[in-house]
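Single-letter residue listing:
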Amino acid sequence: VVPYTIPDLLPAQTGLPAISAFTFNIWDFGGQGKYREIQQLFCSRKSLYLYVTSYDDTPDSKETYVGYEYWLSMANAYNNDNGQNSPVLYVQNKSDKEKGAINESEIKKKFNNIEDFIKISCTDIEQFPALSKLITKSISKISNDIFTAQYNTEWLGVKQDLNDLKNGGTNHITKQRFDEICAERGLSPEESKSWLVVLDRIGTVIYFGDNEHLSDWVVLNPIWVKDAICKVIDFEYYVDVATLKPSF
């Protein structure tokens, strides 16, 4: 999970009165088979998805191969925001190797939220400026208010308080503690609830408010929860996504 800032966006691009910058939180999912069941935890509304594959993407002997239908269907199942799915860029790596054709029109027909297709090479660093331009171009498709939504100083103060806690080594807090931090900043209970939804959507925190077993916890450090889940999956006694051996 790393930040990626696009500087110097012009007013014509954003509708704002001055040149501004836009920062993403980039989440790298990883496509290994045994981790697939946890990727849905990190799908979020109001996001930009990059589906990154390669021309030599083929099955191996250890797992059943899944292609773009699986990944894009999963993303769309969890990113729908008021009937609108998040935009997707279809990125093909290894363009320095022998190229395999894909049927772009057929893929686009199945997933009409694909904004564009691009071929890159991580070896030759080919087409990265073009990819950066595509990302910039696609920001406005994330939501209608992506540049214009405004939040007051108190709300942003809560965000800074949470960042300070995370940077100080706090991986999670209770929902009650979150509400207390909001109250200290002058937010009403209703504002606190609304702000938590926004912070979850933009990747600042992880909050599973709809899950009765997790609704009392706000995760401040996404890397911590990702590493914790992967440790369970990688544990030597782990069998599959639903079973642990008795010796555990």
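Small disclaimer: the values here were computed from a predicted structure and weren't measured.

Chemist: Please clarify how the pattern of salt bridges should be interpreted in this entry.
Modeler: Opposite charge on two side chains allows them to pair when their charged atoms are near. Inspection of every chain in the model, using the stated rule, returns 9 salt bridges. When the shortest N-O distance is used, the salt bridge between Asp145 and Lys46 registers 3.5 Å. Of this pair, Asp145 sits in the loop between helix 5 (128-138) and helix 6 (153-167) while Lys46 sits in the loop between helix 2 (36-39) and strand 3 (49-54), placing them 99 residues apart in sequence. By relative accessible area, which is 30% here, Asp145 ends up partly exposed. For Lys46, a relative accessible area of 27% gives the class partly exposed. A salt bridge links Arg177 to Glu180; the nearest nitrogen and oxygen atoms lie 3.3 Å apart. Of the two residues, Arg177 and Glu180 are both situated in helix 7 (residues 175-184); the distance of 3 residues between them amounts to about one turn of the helix. For Arg177, a relative accessible area of 31% translates into the label partly exposed. For Glu180, a relative accessible area of 35% puts it in the partly exposed group. One network of salt bridges, in which partners are shared, links Glu69, Glu106 and Lys110.

Chemist: What am I meant to see in the sheet that holds strand 3 here?
Modeler: In sheet architecture, strand pairing relies on hydrogen bonds along the backbone and comes in two forms, parallel and antiparallel. Strand order in the open sheet formed by 3 strands is 3-4-5, and the pairing between neighbours is parallel. The open sheet terminates on both sides in strands that have one partner only, identified here as strand 3 and strand 5 (114-119). Taken pair by pair, the neighbouring strands of this sheet meet at an average axis angle of 20°, ignoring direction. Where strand 4 (residues 88-93) and strand 5 come together, 5 bridges link them in parallel fashion. Note on strand 5: the bridge partner recorded for Val88 is Ile114. Helix 3 (residues 68-79) rests against strand 3, strand 4 and strand 5 of the sheet, and its axis sits at about 170° to strand 3.

Scoring rules and cut-offs
The numbering scheme is per chain: residues are counted from 1 as the chain's sequence reads. Restriction of local features to residues with pLDDT of at least 70 applies here, the model being predicted, together with a cutoff of 80 or more for giving and counting side-chain atom pairs; totals for whole chains, interfaces and linings are based on all residues. Values reported for side chains reflect all heavy atoms of the structure, with hydrogen atoms and water molecules removed beforehand. Any carboxyl oxygen of Asp or Glu within 4 Å of a side-chain nitrogen of Lys or Arg constitutes a salt bridge here. In DSSP terms, a helix is any run of H or I states spanning at least four residues, a strand is any run of E spanning at least two, and both are numbered starting from the N terminus. Remark: exposure states derive from per-residue accessible area (1.4 Å probe, protein chains only) relative to the maximum for the residue type, with buried under 20%, exposed over 50%, and partly exposed in between. In this scheme, strands are said to pair when DSSP sees at least two bridges between them. Here an angle of 0 to 180 degrees is reported between the N-to-C directions of two axes, which are lines fitted to C-alpha atoms, with helices fitted over the stretch in contact. Any pair of residues with heavy atoms lying within 4.5 Å of one another is described as a contacting pair.

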